[in-house]
Amino acid sequence: MMVILQPEEQLLFTCLREKQTDQQAKKIVKQFKDEPLVWEVILNIAWPQGVAPLIYTNLKQCAGMGLQVPDEILDLLHRCRLASEKEYQRRQLLLKEALLTLQANGNKVMLLKGIAHDVVIHSDPVATQSADIDLMTKAGIEAFSEQQRKLVYRFNRQESFEINFGQHHDLDINQTLSVNYDAIWADAREVELFGNKFHVMCPEDMLIFACTNSGRKRFFHLKAIYAIVELLRFYPDIDWKRLATKVKQYQCHNQVYAALLATGMTTQHPLPEDLPALLGVNMLRVKLITHLVKRMSYSSMAERTLLLNGGSAVTSLSDKEKWNRSGLLPFATYESRQLIKRISTLIKQARNRRH
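Bear in mind the structure is a predicted one, so any value in this text is a computation, not a measurement.

Re a positive patch on the surface
Among the surface-exposed residues, R337, K341, K348, R351, R353 and R354 lie close enough to one another that they form a single positively charged patch. Among the secondary structure elements, R353 is positioned in helix α18 (residues 336-354).

Here's the deal with the pairing of strand β2 (residues 133-137)
In terms of burial, β2 is largely enclosed, as 5 of its 5 residues are buried. Where strand β1 (residues 109-112) meets β2, 4 bridges bridge the pair, whose relative direction is antiparallel. The residue bridging M110 from the neighbouring strand is M136, located in β2. In this structure, β2 lies alongside strand β3 (residues 161-165), joined through 5 bridges in parallel fashion. Within β3, the residue paired with T137 across the bridge is F165. With helix α7 (residues 146-158) bridging β2 and the parallel β3, this β-α-β connection has right-handed handedness.

Some points on the environment of K26
Inspection of the secondary structure puts K26 in helix α2 (residues 22-32). According to the relative accessible area criterion, K26 is exposed, its value standing at 54%. Measuring from C-alpha to C-alpha, the distance between K26 and C62 comes to 6.9 Å, with 36 residues separating the pair along the chain.

Looking at α2
Listed in full, the buried residues belonging to α2 are A25, I28, V29 and F32. Along the long axis of α2, the arc covered by the buried residues comes to 100°, so they all point the same way. Opposite the buried face of α2, at more than 90 degrees from it, the exposed residues are Q23, K26, K27 and K30. The inward-facing, buried residues of α2 abut α1 (7-14) and α4 (52-63).

A word on the packing of α1 against helix α3 (residues 39-46)
Two numbers describe how α1 lies on α3: the axes approach to 9 Å, and their chain directions differ by 50°. Relative to α3, the element α1 lies oblique. α1 and α3 meet at a crossing whose hand is right-handed. Between α1 and α3, the contacting residues are E8, L11 and L12 on the first element and W39, V41, I42, I45 and A46 on the second. Counted by class, the contact of α1 with α3 contains 7 nonpolar, no polar and 1 charged residues.

A few points about the packing of aromatic side chains
Taken as a whole, this structure holds 5 aromatic pairs when the rule is applied. A centroid spacing of 4.8 Å and a plane angle of 50° characterise the contact between F144 and F165, whose relative ring orientation is tilted. Residue F144 is located in the loop between β2 and α7, and its partner F165 is located in strand β3; the two are separated by 21 residues in the primary sequence. The burial state of F144 is the same as that of F165; both residues are buried. With 6.3 Å between their ring centres and 65° between their planes, F331 and Y334 make a pair best called edge-to-face. The class for F331 is partly exposed, based on a relative accessible area of 32%. The class of Y334 is buried, set by a relative accessible area of 10%. We note R154 situated over the ring of F155; from NZ or CZ to the ring centre the distance is 4.8 Å.

Some points on the state of the cysteines
Counting across every chain of the model gives 0 disulfides. Of all cysteine sulfurs in the structure, the one in C62 sits closest to C15, which takes part in no disulfide; the separation is 5.3 Å.

A short note on the packing of helix α5 (residues 71-102) against α7
Interaxial distance between α5 and α7 falls to 10 Å at its minimum, and their mutual angle equals 150°. Taken together, α5 and α7 sit at an angle that is classed as roughly antiparallel. Note on packing geometry: the crossing formed by α5 with α7 is left-handed. For the pair α5 and α7, contact is made by L94, E97, A98, T101 and L102 and by Q148, L151, V152, R154 and F155, respectively. Grouping the amino acids of the contact of α5 with α7 by side-chain chemistry returns 6 nonpolar, 2 polar and 2 charged.

Topic: the nonpolar core
Counting residues in hydrophobic clusters, the biggest one holds 109 residues, and the most contacted among them are L111, L135, L207, L260 and L279. Considering every element that reaches this core, the biggest residue donor is α5, with 9 residues. Contact partners of L207, with chain neighbours within four places excluded, come to I228, L231, L232, I238, W240, L243 and L260.

Thoughts on the pattern of salt bridges
Per the stated rule, a full pass over the model turns up 18 salt bridges. Between E192 and K197 there is a salt bridge, with its nearest N and O atoms 3.8 Å apart. Connected through shared salt-bridge partners, D187, E204, D205, R242 and K246 make up one network.

Here we look at the side chain of D118
Tracing the sequence through the fold places D118 in helix α6 (residues 113-120). An unpaired buried charge is present at D118: no salt bridge exists, and K223, the closest side chain of opposite charge, is 7.7 Å distant. Filtering out sequence-adjacent residues up to four positions away, D118 remains in contact with Y88 and P125.

Definitions and limits used
- Residues numbered from 1 in each chain as written.
- Predicted model: local features only at pLDDT ≥ 70, side-chain atom pairs only at ≥ 80, totals over all residues.
- Heavy atoms only, no water.
- Patch = residues over 30% accessible without salt bridge, like charges linked within 9 Å, V, L, I, M, F, W, Y side chains within 5 Å.
- Areas by Shrake-Rupley, 256 points an atom, 1.4 Å probe, with all protein chains shown as cover.
- Salt bridge = Lys/Arg side-chain N within 4 Å of Asp/Glu carboxyl O.
- Lys, Arg positive; Asp, Glu negative; His and termini not counted.
- Charge placed at Lys NZ, Arg CZ, Asp CG, Glu CD.
- Helix = DSSP H or I, 4+ residues; strand = E, 2+ residues; numbered from the N terminus.
- Buried < 20%, exposed > 50% of the residue type's maximum accessible area, 1.4 Å probe, protein only.
- Pairing = 2+ DSSP bridges.
- Right-handed = clockwise from strand over helix to strand, strands pointing away.
- Arc of directions from axis to C-beta.
- Contact = heavy atoms within 4.5 Å.
- Axes fitted to C-alpha atoms, helices over the stretch in contact; angles between N-to-C directions.
- Parallel < 35°, antiparallel > 145°, perpendicular 65-115°, else oblique.
- Left-handed = near helix turned anticlockwise from the far one by under 90°.
- Nonpolar A, V, L, I, M, F, W, Y, C, P; charged D, E, K, R; others polar.
- Phe/Tyr/Trp six-rings, centres within 6.5 Å; stacked < 30°, edge-to-face > 60°.
- Lys NZ or Arg CZ within 6 Å of the ring centre and 35° of its normal.
- Disulfide = S-S within 2.5 Å.
- Core = buried A, V, L, I, M, F, W, Y, C linked by side-chain atoms within 4.5 Å.

Now the structure itself:
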């Protein structure tokens, strides 16, 4: 079962791989060498969706094997790579300061999302562009001094950090999901960074929250799908039964199913055959999610990440007639209680932005 993609989209998903072998690059060249690709579309999707440095590395390898990638496209992608390297180095200095601030009283700190993946999984952390850095402490805000709090607020306001005390809004989606933070900490592992010990989630929790984070980006965001598929590649023996127990406890089984389905359909990474039953997704929900996922494309969801002069960068692709289903897919994964909570949160956020 595959989602229908345009050639440009197919190339992008095929290149979502950190360690691309020569054999894989040759296969890409063979598949796309005679395809009349719109290279500007590839560039204009890769950059705002955070994977331009990765696409540069893999397309450069393919170009060396005969894929006709325009020099100006490679040059622009290379600039994205250089910008990512510069920002990564700057963020590392800030990250060290933030971690040492939080850890000053012996507090436990957990690395979340991208920064955790960089430490545990990726050998090339600048392959994706930095957006924000997510950290969570085990203790609540009362465990921190006023000076520590001020420093944390400065990082959050000025440096695109998202540091939360005791919980994290990106994990529970502003309390929409029933996340068990005690269970997360109980299963967490220690890692070393900057000469100190910090925590990361167990592989199953890392995958679960990569999936729910993908839902925040309508499931077809390239950087989010890259995070999921690289986790699956890095942990081929992931404990699916343990993961299933956790998603039912957190009440995010539908979100995890949708994210894994979208990832499997676009990257062709194998998934358990009994995934819906394993995760406890009922058949009506499976049909609804599958229907929406199979009909997704960048032509129908581009406005989520890229608008140029009132139109999307992919309006040159052939399926302009598709109406925008991207907004429906996340809501199709919520149970009724969660849906009410999520809509209420979005309304409040919209009001706050106006004021």
